[in-house]
Amino acid sequence: MSGALQVELDVADRDVRLALRIEPGETVALLGPNGAGKSTLLGVVAGALRDGASRVALGDRSLADGTTWVAPYDRGIGLLAQDALLFPHLSVAANVAFGPQAHGVRRAEARRLAEAWLERVGCTDLRRRKPGQLSGGQAQRVAIARALAADPAVLLLDEPMAALDVDARPALRQLLREVLRDRTAVIATHDVLDALLLADRVVVLEGGRVVEDGPTTEVLARPRSAFAARVAGLNLVAGQWASGVLVGERSVSGSAHDGLVDGDDAVAAFRPSAVSVYAEAPAGSPRNAWPVTVTAIEPSADQIRVLAGRLSALVTPQAAAELRLAPGSEVVFVVKANEVEIYPR
Ligand SMILES: Nc1ncnc2c1ncn2[C@@H]1O[C@H](COP(=O)(O)OP(=O)(O)OP(=O)(O)O)[C@@H](O)[C@H]1O
């Protein structure tokens with residue numbers, strides 16, 4: 001462990017000014033709209049962007065300040081970009097062995113490390129190929145192996161799934177879950193699922209400033225900033241997986257991901273717009289029908305947000321009027337199981 005990553009950004013010509021401290025082993029998701037400053041932050045930390053007024057330190061080692069400037073390859077910081085950026089003329093195995101070799105590891109040992117990482121990311125069979133012969137998802141797996149083979153103290157990920165087909169994302173996300181566990185990492189993303197599944201903590205940037213910073217489930221369930229509210233505001237129910245159902249504050253049925261087994265800690269996520277509100281439980285009893293007491297009613301764009309404790313539903317103003325919704329109303333929240341995703345935590 002190399003100690004906390006401390007960043008003080010002051011990039012005047014981009015109007016990005018913020019301070020952030022990331023503890024060893026912590027994975028932080030950076031969320032924010034286009035132009036918020038995510039890439040600027042990663043660039044300064046990685047050393048791709050040189051800016052005299054910003055400071056970066058890892059533990060008690062300064063990587064950049066008014067007088068110090070450590071070159072990117074010497075920082076102990078790995079960067080995984082949107083595109084895999086592999087060396088096109090080297091084989092997959094040589095790409096992965098490159099980092100360790102560049103840091104003085106002997107050739108045979110670097111090859112052995114490369115083989116171990118390729119196995120870890122499920123790409124052993126691809127070791128002799130050239131990057132041009134890989135799919136986007138395969139190339140990104142190899143890039144993960146390459147970044148981790150260099151044993152970075154901190155891994156930065158800049159929208160690592162953005163260039164992939166939607167179909168290729170869940171498997172890569174699962175791999176990242178495994179390799180990021182207990183690692184110090186910062187992942188810039190537009191996708192709230194990345195934050196939910198990969199990060200302990202969410203930092204929201206807007207206009208070059210930190211506007212929100214907190215534990216992932218708190219920020220996603222009860223966002224305070226405008227951006228986080230737009231992308232998140234998810235209903236999250238934590239519990240344990242038991243016989244095909246999540247059992248927590250409520251029992252929740254949904255589509256379960258990636259080999260959940262009984263007893264696993266899990267979280268169910270669904271959008272407020274997927275929740276229907278009824279005066280009484282509808283006939284045919286859908287699997288997710290929860291009697292609740294309304295705690296608050298709030299306008300939300302052209303809809304009404306109905307809060308019931310930690311849960312929320314979005315309904316039309318007409319529906320709210322017909323149901324005479326008010327704090328204290330007893331209603332039933334209904335969510336189709338296919339609108340609910342259940343993930344390991
Ligand atoms: N190469 C550059 N030169 C000057 N200004 C830049 C440059 N790249 C970005 N900026 C500006 O810096 C600010 C922060 O942008 P940045 O690229 O860090 O945002 P981002 O959160 O990564 O956005 P996106 O989600 O679009 O990647 C914006 O005002 C942007 O216009």
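Conventions we followed
Residues numbered from 1 in each chain as written. Predicted model: local features only at pLDDT ≥ 70, side-chain atom pairs only at ≥ 80, totals over all residues. Pairing = 2+ DSSP bridges. Helix = DSSP H or I, 4+ residues; strand = E, 2+ residues; numbered from the N terminus. UniProt positions renumbered as here; feature names shortened; annotations may be inferred. Expected span 1.5 Å × (residues − 1). Buried ≥ 20, exposed ≤ 12 C-beta atoms within 10 Å, placed from the backbone. Contact = placed C-beta atoms within 7 Å. Domains from an automatic or database assignment. Nonpolar A, V, L, I, M, F, W, Y, C, P; charged D, E, K, R; others polar. Axes fitted to C-alpha atoms, helices over the stretch in contact; angles between N-to-C directions. pLDDT = per-residue confidence, 0-100. Near = placed C-beta within 6 Å.

1. Regarding the pairing of strand E2 (residues 16-22)
Sheet analysis places strand E1 (residues 5-11) next to E2, joined by 7 bridges and oriented antiparallel. The partner of Glu8 across the bridge, within E2, is Ala19.

2. Description of the UniProt feature "domain: ABC transporter" (unreviewed entry) in the protein chain
As annotated in UniProt, the feature "domain: ABC transporter" (unreviewed entry) corresponds to residues 5-232 in the numbering used here. Span residues 5-232 is 35% helix and 24% strand, its end C-alpha atoms 27 Å apart.

3. A closer look at helix H4 (residues 136-149)
For H4, with 14 residues, the first-to-last C-alpha span of 20 Å sits near the 20 Å given by 1.5 Å per residue. Burial of H4 is extensive: 12 of the 14 residues sit out of reach of the surface. Gln138, Ala139, Gln140, Arg141, Val142, Ala143, Ile144, Ala145, Arg146, Ala147, Leu148 and Ala149 are the residues of H4 that are buried. Next to the buried residues of H4 lie strand E6 (77-80), helix H2 (92-102), helix H3 (107-120), strand E7 (154-158) and helix H5 (169-180). Once H4 ends, the next one or two residues include Asp151, with phi positive near 55°.

4. A few points about the domain arrangement of the protein chain
Domain boundaries assigned for the protein chain yield domain 1 (5-231) and domain 2 (235-344). Inter-centroid distance (C-alpha atoms) of domain 1 to domain 2 is 34 Å. At the interface, 6 residues of domain 1 touch 6 residues of domain 2. Counting only elements with at least two residues in the side of domain 1 that touches domain 2, the list comes to helix H6 (192-198) and helix H7 (216-221). Split by residue class, the side of domain 1 that touches domain 2 holds 4 nonpolar, 2 polar and no charged.

5. Here's the deal with the sheet that holds strand E5 (residues 61-64)
As summarised here, the arrangement of the 4 strands in space is E2-E1-E4-E5, forming an open sheet in which the pairing is antiparallel. Strand pairing shows two members of the sheet lacking a second neighbour, E2 and E5, which therefore form its edges. Each strand of the sheet is rotated relative to its neighbour by a mean of 15°, with strand direction disregarded. Relative to E5, strand E4 (residues 55-58) runs antiparallel, the two being bridged by 3 bridges. Bridging from a neighbouring strand, Ala57 pairs with Ser62 of E5.

6. Here's the deal with the confidence of the model for the protein chain
Detailed conclusions should not be drawn from predicted coordinates in areas where pLDDT is low. In the predicted model, the protein chain carries a mean pLDDT of 90, and 99% of its residues have values of at least 70. Interface confidence for the predicted complex, expressed as ipTM, amounts to 0.94; the pTM equals 0.80.

7. Remarks on the site of the ligand
Around the ligand, the neighbouring residues are Arg14, Val16, Gly32, Asn34, Gly35, Ala36, Gly37, Lys38, Ser39 and Thr40. It is helix H1 (residues 38-46) that provides the largest number of residues to the shell around the ligand, a total of 3 residues. Taken together, the residues of the shell around the ligand break down into 2 nonpolar, 6 polar and 2 charged.

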